[in-house]
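Report on the structure
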Amino acid sequence: MAGNYVTSENNLPEDPVGEETTLQISDERTKEISSVRARIDKNPDNLTDPDTLTVVKGPHENTEEKWYIDIIETDEGEDIDLELLESTTRALEEESTVINTRSKEVKTLLQYLTEKGEFQSVSEASRTIMLQHLSENYPNLVSEYIDLKVQSERTDLAEELYDHE
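Residues numbered from 1 in each chain as written. Predicted model: local features only at pLDDT ≥ 70, side-chain atom pairs only at ≥ 80, totals over all residues. Heavy atoms only, no water.

Remarks on the packing of helix α2 (residues 104-115) against helix α3 (residues 122-137)
To be explicit about the condition: As a rule, the C-alpha atoms of each element are fitted with a line to give its axis, helices using only the stretch in contact, and angles between N-to-C directions run from 0 to 180 degrees. Helix numbers and strand numbers start at the N terminus; a helix is a DSSP run of H or I with at least 4 residues, a strand a run of E with at least 2. Angular relationships are summarised with four words: roughly parallel below 35 degrees, roughly antiparallel beyond 145, roughly perpendicular across 65 to 115, and oblique for the angles in between. Between two residues, a contact is recorded if the distance between any of their heavy atoms is within 4.5 Å. Note on residue classes: Ala, Val, Leu, Ile, Met, Phe, Trp, Tyr, Cys and Pro are nonpolar, Asp, Glu, Lys and Arg are charged, and everything else, Gly too, is polar.
Contact pair α2 / α3: the axes reach a minimum separation of 8 Å and the direction vectors enclose 110°. The angle between α2 and α3 falls in the class roughly perpendicular. Along its contact with α2, which presents K107, L110, Q111, L113 and T114, the element α3 presents V122, A125, S126 and I129. Considered class by class, the residues forming the contact of α2 with α3 number 5 nonpolar, 3 polar and 1 charged.

Laid out in structure tokens, this is it:
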């Protein structure tokens, strides 16, 4: 896995320099997302086999900082069944988007976070926490879904524009 990689500052531990850490990176060229065990440093001389790592920062992640990464192990993650993901996406297009856990414990904790001001509503708390969990634990699935969604929206827009010529 040699190349140029990108990660968000949010993926970095508090003091990552020289320490072995697990983080999510994407290949700058292919945009493929991977979870890796690595050492990172601002000085390539402190690493055994450094590759370039761009750390994006800021509220819009539009500030870049040059780091270096020495990848120790890559977790390629599970293979995504694209056919199943596509059929699931199509099937849910017409259904309600309500998710119900039927759990007093979960509802209580989400309500607590809402009342503490962490979130505007229980729904927002639920969405935010679930999406964060999915992004961290199933990055390949999230990446494939994003690709599928963008492709679908591009197709819909093209059909709409060409139908009106």
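Continuing now.
Considerations on the layout of surface pockets
Quick reminder of the rule: The pocket and cavity definitions rest on a 1 Å grid over protein atoms only: a 1.4 Å probe that fits but cannot leave marks a cavity, an open set with protein on both sides within 12 Å along at least five of seven lines marks a pocket, and residues lining either have an atom within 4 Å of a point. Grid points are joined across faces, edges and corners, and a volume is the space filled by probe spheres set on the points.
Considering only enclosed or pocket space, the largest pocket measures out at about 1100 Å³ in volume. Lining of the largest pocket is provided by 29 residues; of these, T97, I99, R127, M130 and L131 occupy positions nearest its centre. Sorting the residues of the lining of the largest pocket by element identifies α1 (82-92), α2, α3 and α4 (139-163) as the ones contributing at least two each. Empty space within the second largest pocket amounts to approximately 510 Å³. Around the second largest pocket, the lining is made up of 19 residues, and of these T7, S8, N11, Q24 and S135 lie nearest the centre.

Considering the domain arrangement of the chain
To be explicit about the condition: The start and end points of each domain follow an automatic or database-based domain assignment.
Assigned domains within the chain: domain 1 (4-75) and domain 2 (82-163). For domain 1 and domain 2, the distance between their C-alpha centres works out to 27 Å.

Comments concerning the confidence of the model for the chain
For clarity, the threshold we go by: A residue's pLDDT is the confidence the predictor assigns to it, expressed on a 0 to 100 scale.
Counting all residues, the mean pLDDT for the chain is 83, and 95% of those residues have values of 70 or more. Predicted confidence in the chain is weakest over α4, with a mean pLDDT of 82, and strongest over α2, with 93.

Section: the pairing of strand β4 (residues 51-57)
Test applied: Note on exposure labels: buried denotes an accessible area under 20% of the residue type's maximum, exposed denotes more than 50%, and partly exposed covers the range between, all computed with a 1.4 Å probe on protein chains only. Here, a strand pair is defined by DSSP locating no fewer than two bridges between the strands.
Most of β4 sits out of view: 5 of its 7 residues are buried. Of the strand pairs in this sheet, strand β1 (residues 4-8) and β4 are connected by 5 bridges, and their pairing is parallel. Bridging from a neighbouring strand, T7 pairs with V55 of β4.

Observations concerning the pattern of salt bridges
To be explicit about the condition: We define a salt bridge as a side-chain nitrogen of Lys or Arg found within 4 Å of a carboxyl oxygen belonging to Asp or Glu.
Throughout the structure, instances matching the rule amount to 5 salt bridges. Taking the shortest distance from any N to any O, the salt bridge between E9 and K57 comes out at 4.0 Å. Residue E9 is located in the loop between β1 and β2 (20-27), and its partner K57 is located in strand β4; the two are separated by 48 residues in the primary sequence. Accessibility expressed as a relative area gives 22% for K57, which makes it partly exposed. Across the pair E65 and K42 runs a salt bridge whose closest N-O atoms are separated by 3.4 Å. With E65 in strand β5 (residues 63-75) and K42 in the loop between β3 (33-41) and β4, the pair connects residues that are 23 residues apart, well separated along the chain. Bridged by salt links that share partners, the residues E9, K42, K57 and E65 form one connected network.

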